[in-house]
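# A look at the structure
Given next are the chains, with one letter for each unit.
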Amino acid sequence: MSVFGGDSWAREAQYRKRRVDDLLLEDFEASAYKKLSNGKFTCLVCPHNPVFDTPLVLSMHSKGPRHKAAESRRKERELWRQEEISKRLAMSNCVTSTSGSNVPYQQCTNGRKPLIERTRKAASEIFSNDIIEQRNKCRKPEGESVISSCVYGQSIQWKECPIETEVPQKEVVVDQVQQLDYRGRQERELKFTAAGWKRDCHGRWFKDENVEFDSDEEDPNVILNGN
Amino acid sequence: MYLYSLTLQQATGILCAINGSFSGGKAQEIIVARGKVLDLLRPDENGKLQTLLSVDIFGAIRSLAQFRLTGAQKDYIVVGSDSGRIVILEYNKEKNTFDKIHQETFGKSGCRRIVPGQYLAIDPKGRAVMIAACEKQKLVYVLNRDTAARLTISSPLEAHKSHTIVYSICGVDCGFDNPIFAAIELDYSEADQDPTGQAANEAQKHLTFYELDLGLNHVSRKWSEQVDNGANLLVTVPGGGDGPSGVLVCAENFVIYKNQGHPDVRAVIPRREDLPAERGVLIVSAAMHKQKSMFFFLLQTEYGDIFKVTLDHDNDRVKELKIKYFDTIPVTSSLCVLKSGFLFAASEFGNHALYQFRAIGDDPDVEASSATLMETEEGFQPVFFQPRKLKNLARIDHVESLMPVMDMKVINLFEEETPQIFSLCGRGPRSSLRILRPGLAISEMAVSQLPGVPSAVWTVKKNVNDEFDAYIVVSFPNATLVLSIGETVEEVSDSGFLDTTPSLAVSLIGDDSLMQVHPSGIRHIREDGRVNEWRTPGKRTIVKVGSNRLQVVIALSGGELIYFEVDMTGQLMEVEKHEMSGDVACLDIAPVPEGRRRSRFLAVGSYDNTIRILSLDPDDCMQILSLQSVSSPPESLLFLEVQASTGGEDGADHPASLFLNAGLQNGVLFRTVVDMVTGQLSDARSRFLGLRAPKLFSVIVRGKRAMLCLSSRPWLGYIHQGHFLLTPLSYETLEYAASFSSDQCAEGVVAVAGDALRVFTIERLGETFNETTIPLRYTPRKFVLQPKRKLLVIIESDQGAFTAEEREAAKKECFDAAGMAENGNADQMENGDDEEENPLSDEQYGYPKAEAEKWVSCIRVLDPRTTQTTCLLELQDNESAFSICTVNFHDKEYGTLLAVGTAKGLQFWPKRSFEAGYIHIYRFKEDGKVLELLHKTQVEGVPLALCQFQGRLLAGIGPVLRLYDLGKKRLLRKCENKLFPNTITSIQTYRDRIYVGDMQESFHYCKYRRDENQLYIFADDTVPRWLTAAHHVDFDTVAGADKFGNVYFVRLPQDVSDEIEEDPTGGKIKWEQGKLNGAPNKVEEIVQFHIGDVVTCLHKASLIPGGGECIIYGPAMGALLPFTSRDDVDFFSHLEMHMRQEHPPLCGRDHMAYRSAYFPVKDVIDGDLCEQFPTLPMDLQRIKSFEIALMKGMDNDLRVIEDWPC
């Protein structure tokens, strides 16, 4: 039985099971365990990281005395760390107030979520570009604008990597041309996904087994790579 | 959102009908129940059915019966409804209302299994009534008279029997012995207990007699006997000296006479020759007619054939039962035989008809008799007959009925001022496409071209006592044309009218002389031909004229009024002059009141936006009595007098009153009441009629004065059932009009428009819509508009019927056979020849029946302007069409295509099954007039819903929503979602949202994500609704109707909607999941209202130009209008509240409970109830308006109701 396209009882059963598991796991702190790639769970609190088959066993383990002891130790350590951080922060604040520079503070806050910050920046750049582009374009009919909003969403995901290296170096004009190119390509790719093509992990296109195709359907592998 | 619910046109199908003399005396009347409306009809002397009274009872009428107390002259009405009460009504002739005589509560409200109300039976002598439920409960009420001869009703006597299903009940006529009621019952207690099902198979129906012992005041089961299991209907047989008593039991294929202590007398019901053998014949309606010396029954079968049943009896012994073919008419829900020789056939579906008896079936015809009943090994020998043309009945009138409306759209296809309603009506051979236009229907009698463009037209009589008009006078810009009315209408030159000048007014003056007013004077033509001419002083010209039979007022340029009166000798004498402050815009004189010499009031409209009332009394001549300022200069004035009347055909008591109507230049009609004594103006109301200033004319409608208003379209103001109605006419723009009366056309209107003179009459007063009917072949299912060419594409399908070719072939064969066999029979031969020329119309006789699994279906392209069918494709191979849509696939060369969803070999019984489902794709050719099949794609379910979406086709196939793209040889499945609970019946799209209606589970909101090629359900409804109709209202809102008669709106909460739309990564919609397999978000119900009738179609439209949009629903045409101001909501909810208290519904159902029958009513105000306000007694009306005004702090009267735009 196919498991594609959300169409079988199996998927429903999976959902249900996952839901039960989720409910069981709701009691735990997310940092107290980890779901392994093989679907098993490991306890992150205990120093030897025992591995369990199901959330049920994990919950049993978490009630045991060894785990409890490890947990209290961990909490202690955490508390100490918090104290340390606040102490250092207070110290650095003192420094900024005296020197008049806020660099250390910035480092302190940014340093904690550098990736997120970078992503947000990239996204905002793309968004501002989009808005300009949209204004430049003559008005589109309503239906289309929604499609394009989908595209923006898409572009955020895809654009993270190139921006990192290219944006600061290239000139603005070149960048825009590239973006237009990029957008055209995106649009074409979307057309193929909507027509039922999928991508494997190598970026090659293959036909979704649940979708029907015409005999003379264009092959994205040829068309997109050809360009 | 607050809505105002208003019925535009009441339901037209009739569920049950009774006849009797409800107003007393010899008059024969019919009372019909149309769902929640009780109507009183009466055939007039021309054989036209007139509706005298129509009352909305706000409850479901389930049964009706009439009875008459012994020796009384008048029938009472018993109503069985869903109110849990028995109600006895009397028709009040004087007030033209139904008076509630008794209302007895016996059970819970609602249509329930064991709460009585479904069946009613009356003792033929009017001594008792039985009211029964479908199961278990039966109650008997004893009816009697008190000392003041008023009707009394006893407390109920129980005749319950548990575990019993009742099929039919009737009273047994046993003279003045104890009243007996008969019932067909089935005891299921054993079948309920037996899990093997054997007892259920052996369950047996019984005929049971219940006797009411008047002495002991007690009901007992008197007699019970087995009866055919196919028994479905009981008919009372006259007794007590008039006949043998007992009952006729109508069963499948048989009619059986039964009585206690009497052997069964059984006769077979004749069958049509072309009826398949496995089909039985059931009687669906029956009527008994009794005269002094004889009685007979008319029984109609489910195929429409009427049989006359007679009993040959010797006192109480029935010797023979004869069933003779009588005639064939469309299947009815009730037959009413009137004593005046009419037969009223009320249908649930299709038009109703009134027939006149030409004979009572005494001629020889096919006949089955109990004496010749032959029993063979295979059962009883059937008797066959062939339907023929009407012989005993002649149709003299019909009443239009839209029911059932299968689909409806409101579009302005013809680019008229108001949009047209296109509705698919009827079923089987009686189906049609009807184009409804708001307005009264008119029938055009004559149109003739004139030599120029006329500016005005009048009609005049030669003598005041003449019945008909003598001349039509037409004024042109520089001439006047006089036409005499006789056999033909022709120009005359000897009339005495001046023809070289335009005319301003032409009328009869005095008793027998004519007056022509032209710009330079007044020409008075005496009967003997003498002409008196009055000339205007100096160079002034006459600009406006107002006149009645004895008074004339002219306005000269500059604003001088000159008043003339007709004196004793018939001479026109100048009486008074008056200088107005400015030019006069319009003038009118009130008609001369009965028995007086002159009218007291002159109305003068000026360009300074005022209307003045001037006195014409000799004492204070030309004194200003009152002044009214208006919003725009008046263009035309008309006094309309409503004469005092007490009762009568169509009204309650009216005190005489005088209304002044003014057509203002901004298109508004302004109406005020003129005090008959002082001339003071009060109670001003206004209504916008159109873009042109309304010109007002007095015409005669049904013998009463009415007002014709000519704006950008003509309107008629008239009194109907005691109410003043202002309704548009369905006719083109007119310039000038006058009433017209000749011997061909007693109550007509002559009007000028362009360069043509038009004579027409106004028909079917009181109706909202006028219809154009285009017949269709099979039951229509759905239709779409081909947008470019404005053609309609209709799918039709029928179960258990033959295709057109098969029918043609069968008919031909049949006629050939008849011709061969009946060679010797001249009479038959003649009949046959006749039929070949004019074959039996399917509309009347129905289609021949085929096996249940056989379907016929067709796709029709129809041009609504020419009413021509340009293409008709019959589907082959037992396929039937269920869904249709037009679709434009992206990137494909074909342009607009047509998608039709079909099923092959669909069966509903014993189990729902089908052989295959298909989606056909057609392309339009030859300007969209012809369809060509591109390809068809097999699918695994029945596609019940199709819709275009982003250049692809969305199809609902069973529980699967699927997206298709167009391929070369078939449709290509691109994406699907199988998570819908039951069956998808409707799909609507807006931007990237898809609103899916499930058959049992209300709405699901979906979104398509192109980047993942997935369809997600992101919201659904919490209430399981059985959806019958759906319409998209706005981005977050959908309107739906369920099969229990509720209309509701659901809306996605704003924050949820925003969240869904602002989900850039799409992760939320993908991973969010709801509880218990539901969607993560829920829509909220914002509007809920119980209509009380299944709604099959919803449409959003604006019915008046420039008006707001409303939701229109069918088949009981109604509209839901959104309120625009909070004040209106407050006002109407208070009014509704007062109406609920002061005017509770007639049949005892609580109004609030009715409108909340399934779900509590929410944010809808019942306009039908509010509109009953004028039927309250006058003093109560005043008190209530005052109370509401007080409460609201508003200086408000009921003008809001009248100004409401519908």
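Within each chain, residues carry numbers counting from 1 in the order of the written sequence. Chain A is the first chain written and ligand 1 is the first ligand written, with later ones labelled in order. Residue-level local features of this predicted model are given only where pLDDT is at least 70; pairs of side-chain atoms are given and counted only at 80 or more, and the full residue set underlies all totals for whole chains, interfaces and linings. Side-chain measures were taken over the full set of non-hydrogen atoms in the model, leaving aside hydrogen atoms and water.

By the naming in an unreviewed UniProt entry, chain B goes by Splicing factor 3B subunit 3 and is assigned to Fraxinus pennsylvanica. UniProt annotates chain B under Subcellular location (unreviewed entry) with the comment "Nucleus". UniProt positions are given in the numbering used here, feature names are shortened, and annotations may be inferred rather than shown by experiment.

Taking an unreviewed UniProt entry as the reference, chain A is identified by name as Sodium channel modifier 1 belonging to Fraxinus pennsylvanica.

## Remarks on the overall build of chain A
Comment: elements are numbered from the N terminus, with helices defined as DSSP H or I runs of at least four residues and strands as E runs of at least two. Tallying secondary structure elements over chain A gives 8 helices and 5 strands in all. Any residue under 20% of the maximum accessible area for its type is buried, any over 50% is exposed, and the rest in between are partly exposed; the area is computed with a 1.4 Å probe on protein chains only. When the 227 residues of chain A are sorted by exposure, 27% land in the buried category. Residue pairs at least 24 apart in sequence account for 39% of intrachain contacts in chain A once pairs closer than 6 positions are excluded. Whether two residues touch is decided by their heavy atoms; if any such pair falls within 4.5 Å, the residues are in contact.

## Some thoughts on the overall build of chain B
When its secondary structure is counted, chain B shows 12 helices and 92 strands. As defined in this context, the radius of gyration uses C-alpha atoms, and a globule is described by 2.2 Å times the residue total to the power 0.38. Its C-alpha atoms give chain B a radius of gyration of 34 Å, within 12% of the compact-globule value 33 Å for 1206 residues. The principal-axis extent of the C-alpha atoms belonging to chain B is close to 110 × 90 × 70 Å. Counting only residues that meet the buried cut, chain B has 57% of its 1206 residues in that class.

## What to know about the interface of chain A and chain B
Taken residue by residue, the interface counts 27 residues in chain A and 28 residues in chain B. Accessible area that two parts lose when put together, with a 1.4 Å probe and added across both, is what the buried area reports. With both chains or domains summed, chain A and chain B bury close to 2600 Å², and 44% of this area falls on carbon and sulfur atoms. A pairing counts as a salt bridge when a side-chain nitrogen of Lys or Arg comes within 4 Å of a carboxyl oxygen of Asp or Glu. Summed over the shared surface of chain A and chain B, the number is 3 salt bridges. Among the ionic pairs, B:R1010 bridges to A:E187, the shortest N-O distance being 2.7 Å. Within 3.5 Å is the distance limit for a polar contact, defined as a pair of N or O atoms, with the added protein rule that one can donate a hydrogen and the other accept it, and that residues adjacent in sequence qualify only through two side-chain atoms. In this structure, the connection of chain A to chain B is made through 10 residue pairs in polar contact (both at pLDDT 80 or more). Within the residue set of the side of chain A that touches chain B, elements represented by two or more residues are α1 (9-25), α6 (142-166) and α7 (172-194) of chain A. Considering each element in turn, the side of chain A that touches chain B owes the most residues, 6 residues, to α6(A). Looking at the side of chain A that touches chain B residue by residue, the classes come out as 8 nonpolar, 8 polar and 11 charged. Under this grouping Gly is polar, as are all residues other than the nonpolar Ala, Val, Leu, Ile, Met, Phe, Trp, Tyr, Cys and Pro and the charged Asp, Glu, Lys and Arg.

## Considerations on the sheet that holds strand β82 (residues 1002-1009) of chain B
Residues and elements named next belong to chain B. Spatially, the 5 strands line up as an open sheet ordered β80-β81-β82-β83-β87, and their pairing is mixed. With one partner strand each, in any of the chains shown, β80 (984-990) and β87 (1081-1082) form the two edges of the open sheet. Two strands are counted as paired when DSSP detects at least two bridges linking them. Bridging between strand β81 (residues 993-998) and β82 involves 6 bridges; their strand directions are antiparallel. In the sheet register, G997 faces β82, and the bridge partner there is F1003. Its contacts with the sheet put helix α6 (residues 1054-1061) on β81, β82, β83 (1014-1020) and β87, and the angle it makes with β81 is roughly 125°. A fitted line through C-alpha atoms serves as each axis, taken over the contacting stretch for helices, and the angle formed by two N-to-C directions is quoted from 0 to 180°.

## Quick look at the pattern of salt bridges
Residues and elements named next belong to chain B. Counted by the stated rule, this structure contains 81 salt bridges over all chains. Here R68 and D75 are joined by a salt bridge, their closest N and O atoms 3.1 Å apart. Judged by relative accessible area, which is 32%, R68 ranks as partly exposed. Here D82 and R1149 are joined by a salt bridge, their closest N and O atoms 3.1 Å apart. You can see D82 sitting in the loop between β7 (76-81) and β8 (85-92) and its partner R1149 sitting in the loop between α8 (1126-1142) and α9 (1151-1155), a full 1067 residues away along the chain. For the pair formed by D82 and R1149, the shared burial category is buried.

## Examining the packing of aromatic side chains
All names here are of chain B. Planes of paired rings set the category: under 30 degrees apart is stacked, over 60 is edge-to-face and the rest tilted, where pairs are Phe, Tyr or Trp rings (Trp by its six-membered ring) whose centres lie within 6.5 Å. The final tally for this structure, using the stated rule, is 31 aromatic pairs over all chains. Taking the centre distance of 6.0 Å and the plane angle of 40° together, the rings of F1003 and Y1048 count as tilted. Of this pair, F1003 sits in strand β82 while Y1048 sits in strand β86 (residues 1046-1051), placing them 45 residues apart in sequence. Residue classification places Y1048 among the buried residues on the basis of a relative accessible area of 0%. Joined through ring pairs, the aromatic side chains of Y4, F1123, F1131 and F1132 make up one cluster. When the NZ atom of lysine or the CZ atom of arginine is within 6 Å of a ring's centre and also within 35 degrees of its normal, the charge is said to sit over that ring. Above the face of the F296 ring, K308 is positioned so that its terminal group lies 5.1 Å from the ring centre. The ring of W1026 carries K1043 above its face, with NZ or CZ at 4.3 Å from the centroid.

## Remarks on the UniProt feature "domain: RSE1/DDB1/CPSF1 first beta-propeller" (unreviewed entry) in chain B
Per the UniProt record, "domain: RSE1/DDB1/CPSF1 first beta-propeller" (unreviewed entry) is found at residues 14-367 of chain B. Taken end to end, residues 14-367 of chain B has its terminal C-alpha atoms 31 Å apart, with 3% of it in helix and 54% in strand.

## Concerning the sheet that holds strand β74 (residues 916-925) of chain B
Residues and elements named next belong to chain B. Strand order in this open sheet of 4 strands is β72-β73-β74-β75, and the pairing throughout is antiparallel. Of all the strands in the sheet, just β72 (879-888) and β75 (930-939) have a single pairing partner and so form its edges. Across the sheet, the mean angle from the axis of one strand to that of its neighbour is 25°, orientation sign disregarded. In the sheet, strand β73 (residues 896-904) pairs with β74 via 8 bridges, with the strands oriented antiparallel.

## Structural notes on the confidence of the model for chain A
All names here are of chain A. When the pLDDT values of chain A are averaged, the result is 71; 64% of them are 70 or greater. You can read pLDDT as the predictor saying how much it trusts each residue, on a scale of 0 to 100. Within chain A, strand β5 (residues 205-207) carries the highest mean pLDDT (89), whereas α6 carries the lowest (41). Note that residues 94-111 has pLDDT below 50 and, in this model, 9 contacts with residues that lie over four places away or in other chains. Taken as a whole, residues 135-168 scores under 50 in pLDDT and shows 38 contacts with residues more than four places along the chain or in a different chain.

## Re the environment of B:G754
All names here are of chain B. By secondary structure assignment, the location of G754 is in the loop between β65 (748-753) and β66 (756-762). Separated by 301 residues in sequence, G754 and V453 place their C-alpha atoms 6.0 Å apart. When residues no more than four places from it in sequence are discounted, the contact partners of G754 are V453, P454 and E735.

## Quick word on a nonpolar patch on the surface
All names here are of chain A. Together, V20, L24, L56 and V57 make up an exposed nonpolar region whose accessible area comes to about 310 Å². Only α1 and α2 (55-62) provide two or more residues apiece to the nonpolar patch. Inspection of the secondary structure assignment puts L24 in helix α1. With a relative accessible area of 31%, L24 lands in the partly exposed category. Patch definition: residues with relative accessible area over 30% and no salt bridge; like charges joined within 9 Å; nonpolar side chains (Val, Leu, Ile, Met, Phe, Trp, Tyr) joined within 5 Å. Surface exposure here means Shrake-Rupley accessible area, sampled with a 1.4 Å probe, where a residue is shielded only by the protein chains that are shown.

## A closer look at the environment of B:R434
All names here are of chain B. Looking at the secondary structure, you find R434 in strand β38 (residues 432-438). For R434, a relative accessible area of 4% gives the class buried. Taking the C-alpha atoms as reference points, R434 and I421, 13 residues apart in sequence, are found 8.0 Å from one another. Those residues within four positions of R434 in sequence are excluded, and the remaining contacts are N351, E400, S401, L402, I421, F422, S423, C425, E771, T772 and T773. Within the structure, R434 has its side chain in polar contact with the side chain of E400 (distance 2.7 Å). Engagement of the side chain of R434 in a polar contact is seen with the side chain of S432, the distance being 3.1 Å.

## A look at the side chain of B:T501
Within the fold, B:T501 resides in the loop between β43 (489-491) and β44 (505-509). In this structure, B:T501 is in contact with B:N478, B:A479, B:T480, B:H518 and B:P519, ignoring residues within four places of it in sequence.

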